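# Descriptive structure summary
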Amino acid sequence: MAAVSIRNLDDHVQERLRMRAAGHGRSMEAEIRAILTEAVKEPGEETGLLGALMERFSAIGGVDLDIPARATAPRVVEFD
């Protein structure tokens with residue numbers, strides 16, 4: 001994997017990236033990766049199932065799932 005440093009990034013751009021990342025529930029680094037990946041994608045290139053779901057539901061603000069509490073405590077795994 002390559003590492004990229006971005007110098008002289010305007011403070012306003014950084015703040016907008018931070019807000020956008022928070023809106024998507026990911027770090028700024030992950031948001032920048034997503035933006036760059038989308039920017040260089042070829043027309044008609046598949047986004048995969050996860051990408052398709054994210055695109056579909058991002059327009060309505062995402063999906064929040066109610067995860068019920070455990071009925072029983074997790075048990076310890078025994079390696080016998």
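Everything quoted here is computed from the prediction, not taken from an experiment. Chains are numbered independently. Their residues run from 1 in the order of the written sequence. Local features in a predicted model are, by the rule used here, given only for residues with pLDDT of at least 70; side-chain atom pairs are given and counted only at 80 or more, and totals for whole chains, interfaces and linings are based on all residues. The basis for the side-chain values is all heavy atoms of the structure; hydrogens and waters are excluded.

### Some remarks on the overall build of the protein
Segments assigned H or I by DSSP are reported as helices when at least four residues long, segments assigned E as strands when at least two residues long, and all are numbered from the N terminus. Helix and strand counts for the protein stand at three helices and zero strands. The order of helices and strands in the protein, counted from the N terminus, is α-α-α. Dimensions along the principal axes, computed over C-alpha positions, put the protein at roughly 55 × 30 × 30 Å. Each residue gets one of three labels from its accessible area relative to the maximum for its type: buried under 20%, exposed over 50%, partly exposed in between, using a 1.4 Å probe on protein chains only. Across the 80 residues of the protein, 6% fall into the buried class. Each accessible area value is a Shrake-Rupley result obtained with a 1.4 Å probe; residue values ignore everything except the protein chains displayed when judging cover. Entry remark: accessible area of the protein is about 8000 Å², with carbon and sulfur atoms responsible for 56%. For the protein, the centre of its 10 positive side-chain charges and the centre of its 14 negative side-chain charges are spaced 2 Å apart. When charges are counted, Lys and Arg are positive and Asp and Glu negative, with His and the chain ends excluded. By convention, the charge on Lys lies at NZ, on Arg at CZ, on Asp at CG and on Glu at CD.

### Quick word on a nonpolar patch on the surface
A grouping of Val4, Ile6, Leu9 and Val13 is seen on the molecular surface, where their side chains present a nonpolar patch of about 370 Å² in accessible area. For Leu9, the location among the structural elements is in the segment before helix H1 (11-24). Using a relative accessible area of 36% as the deciding quantity, one classes Leu9 as partly exposed. Here the term patch refers to residues with relative accessible area over 30% and no salt bridge, with like charges joined within 9 Å and nonpolar side chains (Val, Leu, Ile, Met, Phe, Trp, Tyr) within 5 Å. Here, a salt bridge means any side-chain nitrogen of Lys or Arg that lies within 4 Å of a carboxyl oxygen of Asp or Glu.

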